[in-house]
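# Report on the structure
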Amino acid sequence: MQKKVSLVLGSGGARGITQLGVIKWLTEHGFEVNEVVGCSIGSLVGAAFAEGRHVELGEWMSRLTKREVFRLMDFSDPRYGFLKGQRVLSTMQEVFQDLPIENMQMRYAAVATDLTNEEDVVFRTGSVYNAIRASIAIPGVFKSVITTDGRFLVDGGVLNPLPINYVQYRENIIIAVNLDGNRDLLAPIAYDKLNSISLLQESYLAMRRKLTQLSIELYKPNYVINVPHNISGIWDFDRSKFLIERGYEYAETTLGHLVKK
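Residues numbered from 1 in each chain as written. Predicted model: local features only at pLDDT ≥ 70, side-chain atom pairs only at ≥ 80, totals over all residues. Heavy atoms only, no water.

Our next topic: the packing of helix 1 (residues 18–28) against helix 8 (residues 240–255). Running from amino to carboxyl end, helix 1 crosses helix 8 at an angle of 50°, the nearest separation of the two axes being 6 Å. Between helix 1 and helix 8, the interaxial angle falls into the category oblique. Between helix 1 and helix 8 lies a crossing of right-handed hand. The residues of helix 8 that touch helix 1, namely those facing Thr-18, Leu-20, Gly-21, Val-22, Lys-24, Trp-25, Leu-26 and Glu-28, are Leu-243, Ile-244, Gly-247, Tyr-248, Ala-251, Glu-252 and Leu-255. Each residue belonging to the contact of helix 1 with helix 8 can be placed in one class, and the counts come to nine nonpolar, three polar and three charged. (Axes fitted to C-alpha atoms, helices over the stretch in contact; angles between N-to-C directions. Helix = DSSP H or I, 4+ residues; strand = E, 2+ residues; numbered from the N terminus. Parallel < 35°, antiparallel > 145°, perpendicular 65-115°, else oblique. Left-handed = near helix turned anticlockwise from the far one by under 90°. Contact = heavy atoms within 4.5 Å. Nonpolar A, V, L, I, M, F, W, Y, C, P; charged D, E, K, R; others polar.)

This is the structure in structure tokens:
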């Protein structure tokens, strides 16, 4: 590739591990990524990539079992969020360091949501772990982050599940990984048969898909790698090996024509 790449990594729980497969494909095929913008799980994957530790993260994720995923859950007072979220980041120290963002190997940004002012918060400096912690704070699941200036931060995917608009190197080839792609071809959902929780979840997913599609249409990345939103559950990190392989395949399907002679 002649031009450099800006990579946008979306939010979506465990299916975000497919993004490691996308990164593997890009690096193997000579794409030079010099900017990564991440939201929620994308902020974690993007940080490992920006520190040159994405292979190690993939290897660590691929070894996870259901029991080990459960052990990473540091339960909290459910009034403020079921999980504290610190145990995951503490464990991540085995994979990549908590560096100042400005000292990382490539330009990096993590996106969180400020509920107080209903706006995005973009981390481009300071502790990368603090940035990830805010960006992954799924409302009602992870304890929210309150900043010293009184902002109430939750998961960046609440307002901006695919933050294409925060790419700074607009002259780059912009590749976005959309974790809210259409469903794999399965039997249609019988919405009238869903219980209240399932109906709430399907409604939320429909809202995210529409929000993401509007972002793609507005900010027009050069390429979008679509990952089916039903490829895994939000906590299926024990399926990481499979998800990395599928991410590699999705990248090949979308971008393979760029490297074929």
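This part takes up unusual backbone geometry. With a phi angle near 60°, Ser-40 is a residue other than glycine that sits in the positive phi range. Examined against the element boundaries, Ser-40 turns out to sit in the loop between strand 2 (33–39) and helix 2 (41–50). The class of Ser-40 is buried, set by a relative accessible area of 5%. If you check the backbone angles, Lys-220 has positive phi at about 45° while not being a glycine. Following the sequence through the fold, Lys-220 ends up in the loop between helix 7 (196–219) and strand 8 (223–228). (Buried < 20%, exposed > 50% of the residue type's maximum accessible area, 1.4 Å probe, protein only.)

If you trace the backbone, Ala-48 turns up in helix 2. Ala-48 sits in the buried class, given a relative accessible area of 0%. Ala-48 sits 47 residues away from Val-95 along the chain, and the two C-alpha atoms are 7.8 Å apart. Setting aside residues no more than four positions away along its own chain, Ala-48 makes contact with Arg-53, His-54, Leu-57 and Phe-96.

Once that is clear, we can look at helix 6 (residues 128–135). One turn of an α-helix holds 3.6 residues; hence residues three or four places apart share an orientation. Helix 6 sits mainly inside the fold: seven of its eight residues count as buried. Along helix 6, the positions that sit buried rather than exposed are Val-128, Tyr-129, Ala-131, Ile-132, Arg-133, Ala-134 and Ser-135. A side-chain oxygen of the first residue of helix 6 lies 3.3 Å from the backbone nitrogen of Tyr-129; this N-cap is Ser-127. (Polar contact = N/O pair within 3.5 Å; in protein donor to acceptor, adjacent residues only side chain to side chain.)

You can see Val-45 is positioned in helix 2. Judged by relative accessible area, Val-45 falls into the buried class, the value being 0%. For the pair formed by Val-45 and Leu-57, sequence separation is 12 residues and the distance between their alpha carbons is 7.9 Å. The residues contacting Val-45, other than those within four sequence positions of it, are Leu-9, Gly-16, Gln-19, Leu-20, Ile-23 and Leu-57.

Moving on, we come to the packing of aromatic side chains. Applying the stated rule across the entire model yields two aromatic pairs. Ring geometry for Trp-25 versus Phe-31: centroids 5.4 Å apart, planes at 45°, classification tilted. Each of the two residues, Trp-25 as well as Phe-31, counts as buried. (Phe/Tyr/Trp six-rings, centres within 6.5 Å; stacked < 30°, edge-to-face > 60°.)

Turning next to the pairing of strand 4 (residues 119–123). In terms of strand pairing, strand 3 (residues 107–114) meets strand 4 through five bridges, oriented antiparallel. Looking at strand 4, one finds that Ala-110 is bridged to Phe-123. (Pairing = 2+ DSSP bridges.)

So, on to the pattern of salt bridges. Per the stated rule, a full pass over the model turns up eight salt bridges. A salt bridge links Glu-32 to Lys-4, with the shortest nitrogen-to-oxygen separation between them at 4.0 Å. Of the two residues, Glu-32 is situated in the loop between helix 1 and strand 2 and Lys-4 in the segment before strand 1 (5–9); the sequence distance between them amounts to 28 residues. Under the relative-accessibility criterion, Lys-4 is labelled partly exposed at 34%. The salt bridge involving Lys-24 is made with Glu-28; its shortest N-O contact spans 2.8 Å. Taken together, the positions of Lys-24 and Glu-28, both in helix 1 and four residues apart, correspond to about one turn of that helix. Accessibility expressed as a relative area gives 39% for Lys-24, which makes it partly exposed. Each of Arg-15, Asp-180 and Arg-208 takes part in a single network of salt bridges with overlapping partners. (Salt bridge = Lys/Arg side-chain N within 4 Å of Asp/Glu carboxyl O.)

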